[in-house]
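# Coordinate analysis (summary)
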Amino acid sequence: MVIDIKNYKKIVFFTGAGMSAESGVPTYRGSGGIWHKYNYEEFACQDAFDRHPQKVLDFHELRRKSVLECQPHNGHKFISELQKSHNYVTVVTQNIDGMHQRAGTENVIELHGSLWRLRCDDCSITIDDIGESFTNKKCKCGNYLRPDITWFGDMLNEKVIQQASEAIRNCDLFISIGTSGVVWPAAGFPQEAKSTGAYCVEINTERTELSGLFDEVIIGKASEVLTDLSFRT
Ligand code: NAD
Ligand code: ZN
């Protein structure tokens, strides 16, 4: 089946860890996943940060370093090119690695925050900080700045979910890529897109629990399937 992208007015790409896998960023469920090696209770929750902020920040610097060693692939580039030539392309991602932005995509809706931002909850500020090391680990108020990431046990940012929902309800083509879709709100997105009439496509290296909801399931690697789509525009 051919997806003729020019037939659609509003396209949402919804991406998960599988989108970055070919760039070398390990997926969550895969065998090389980071939480097999590190205990998230020590490195990726508010409690850990409150107890040992420096240790948690050091760990996130390591993650930044390893992500900077990876490069966006042709699939990321395809999406950013499409955004330039198409009136309305929105990316909603669960990834925190910033790969879409590095490929040139704008206005990415990041459900789980970003490795490249810090925040101080007391001062209600967020600070962009791109690079291997954090420029400042402390806020002007004296608090340690915390990575602006949804850690284990954190609530998702309500405003960001609303933005994502709005984009998804308004789209007529919804393409989910490389997400197992087991975690809320990801699990509800295909249904949301479908209920408002979007054509729903899933791209994944294997079927997922949500595959049954999609109008079309394409089994394959994100970069290869997307590059193939580009021939059909
Ligand atoms: P997941 O690890 O649960 O699922 C990844 C999915 O991608 C799987 O269904 C797998 O079959 C598929 N996949 C693997 N390689 C692929 C490829 N080359 N092409 C297409 N599909 C491929 O990831 P998730 O659904 O995103 O949820 C896990 C959570 O972990 C998310 O909340 C996310 O925030 C976080 N996470 C983020 C990153 C990142 O920023 N890159 C990495 C790991 C985990
Ligand atoms: Zn502060």
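This write-up is about the structure you can find in this document. (Residues numbered from 1 in each chain as written. Chains lettered and ligands numbered in written order. Predicted model: local features only at pLDDT ≥ 70, side-chain atom pairs only at ≥ 80, totals over all residues. Heavy atoms only, no water.)

## Concerning the site of ligand 1
- Around ligand 1, the surrounding shell holds 26 residues, and the nearest of these are Gln94, Asp97, Thr179, Ser180 and Asn204.
- In the model, an oxygen atom of ligand 1 is placed 2.8 Å from a nitrogen or oxygen of the isoleucine 96 main chain.
- Considered on its own, ligand 1 offers 850 Å² of accessible surface; in the complex 90% of this is hidden by protein.
- For the shell around ligand 1, the element with the most residues is helix α1 (residues 17-21), which contributes four residues.
- Tallied by class, residues from the shell around ligand 1 come to seven nonpolar, 14 polar and five charged. (Near = heavy atom within 4 Å. Polar contact = N/O pair within 3.5 Å; in protein donor to acceptor, adjacent residues only side chain to side chain. Areas by Shrake-Rupley, 256 points an atom, 1.4 Å probe, with all protein chains shown as cover. Helix = DSSP H or I, 4+ residues; strand = E, 2+ residues; numbered from the N terminus. Nonpolar A, V, L, I, M, F, W, Y, C, P; charged D, E, K, R; others polar.)

## Some points on the side chain of glutamate 192
- Along the polypeptide, glutamate 192 turns up in helix α9 (residues 189-195).
- For glutamate 192, a relative accessible area of 19% gives the class buried.
- Polar side-chain contacts of glutamate 192 include one of 3.0 Å to the side chain of serine 165.
- A polar side-chain atom of glutamate 192 sits 3.3 Å from a polar atom in the side chain of arginine 169.
- Those residues in contact with glutamate 192, other than ones at most four positions away along the chain, are Ser165, Ile168 and Arg169. (Buried < 20%, exposed > 50% of the residue type's maximum accessible area, 1.4 Å probe, protein only. Contact = heavy atoms within 4.5 Å.)

## Comments concerning helix α5 (residues 53-68)
- Over its 16 residues, α5 extends 22 Å from the first C-alpha to the last, a length consistent with the 22 Å expected when each residue adds 1.5 Å.
- Looking only at α5, the buried set comprises Pro53, Val56, Leu57, Phe59, His60, Glu61, Arg63, Arg64 and Val67.
- Tucked inside the fold, the buried residues of α5 contact α2 (34-37), α3 (40-43), α4 (46-51), α7 (99-102), β4 (113-120) and β6 (146-149). (Expected span 1.5 Å × (residues − 1).)

## What about the coordination of the zinc ion (ligand 2)?
- The zinc ion (ligand 2) binds to the protein through Cys120 (SG), Cys123 (SG), Cys139 (SG) and Cys141 (SG), with metal-donor distances spanning 2.3 to 2.4 Å.
- In this structure, the zinc ion (ligand 2) is surrounded by four donor atoms whose angles at the metal cover 106 to 113 degrees, and the resulting shape is tetrahedral.
- Considered as a linear motif, the donors of the zinc ion (ligand 2) on their single chain read C-x2-C-x15-C-x1-C. (Donors = N, O, S within 2.8 Å, 3.2 Å for Na, K, Ca; no water. Tetrahedral: all angles 85-135°; square planar, octahedral: opposite > 155°, others 65-115°.)

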